[in-house]
Amino acid sequence: GPKGQDRMREVGADRVIDYRQTPEDAFDRQYDVIINASGQLPFEKGRQYLQPRGRLIEPAPSIPLVIGSALRN
């Protein structure tokens, strides 16, 4: 929500994308870091939006997500 978006900007986010209001094509470039605060961005999809050494951060990952990401690396 708006408070969370404001908080992300306060901690230095260059861009905040609200998954509820922004079309998927808003990911128009590659990023150094993506914080998937909503948990709505699938890991595989998020990886395609990262720079080669970029990081996708999942604040509350599920067990299948953790196992799946470990197997892919």
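Our subject is the structure that appears above.
A quick note: this is a predicted structure, and the numbers were derived from the prediction, not measured. (Residues numbered from 1 in each chain as written. Predicted model: local features only at pLDDT ≥ 70, side-chain atom pairs only at ≥ 80, totals over all residues. Heavy atoms only, no water.)

### Section: a nonpolar patch on the surface
Here is the rule: What goes into a patch is any residue over 30% in relative accessible area without a salt bridge, connected to like charges within 9 Å or, for nonpolar side chains (Val, Leu, Ile, Met, Phe, Trp, Tyr), within 5 Å. Using a 1.4 Å probe, accessible areas were evaluated by the Shrake-Rupley method; residue-level cover was limited to the displayed protein chains. What makes a salt bridge here is a side-chain nitrogen of Lys or Arg within 4 Å of a carboxyl oxygen of Asp or Glu, nothing more. By the criteria applied, helices consist of DSSP H or I runs no shorter than four residues and strands consist of E runs no shorter than two, each listed in order from the N terminus.
A cluster of nonpolar side chains, V33, I35 and I57, forms an exposed patch at the surface whose accessible area comes to about 240 Å². Considering the arrangement of structural elements, one finds V33 in strand 1 (residues 31–35).

### As for the pattern of salt bridges
Pairs can form between side chains of opposite charge once their charged atoms are near each other. Note the cut-off: Think of it in three bands: with a 1.4 Å probe and only protein chains considered, a residue is buried below 20% of the maximum accessible area for its type, exposed above 50%, and partly exposed in between.
Summed over the entire model, instances satisfying the criterion amount to 3 salt bridges. We note a salt bridge from R9 to D6, for which the minimum N-O separation is 3.7 Å. Of the two residues, R9 and D6 are both situated in helix 1 (residues 2–10); the distance of 3 residues between them amounts to about one turn of the helix. In this structure, the salt-bridge partner of E44 is R47, at a minimum N-O distance of 3.9 Å. Taken as a pair, E44 and R47 lie in helix 2 (residues 43–47) at a separation of 3 residues, close to a single helical turn. Judged by relative accessible area, E44 falls into the partly exposed class, the value being 41%. On the basis of relative accessibility, which here comes to 34%, the residue R47 falls in the partly exposed class.

Purely geometric stuff here, so don't read any function into it on its own.
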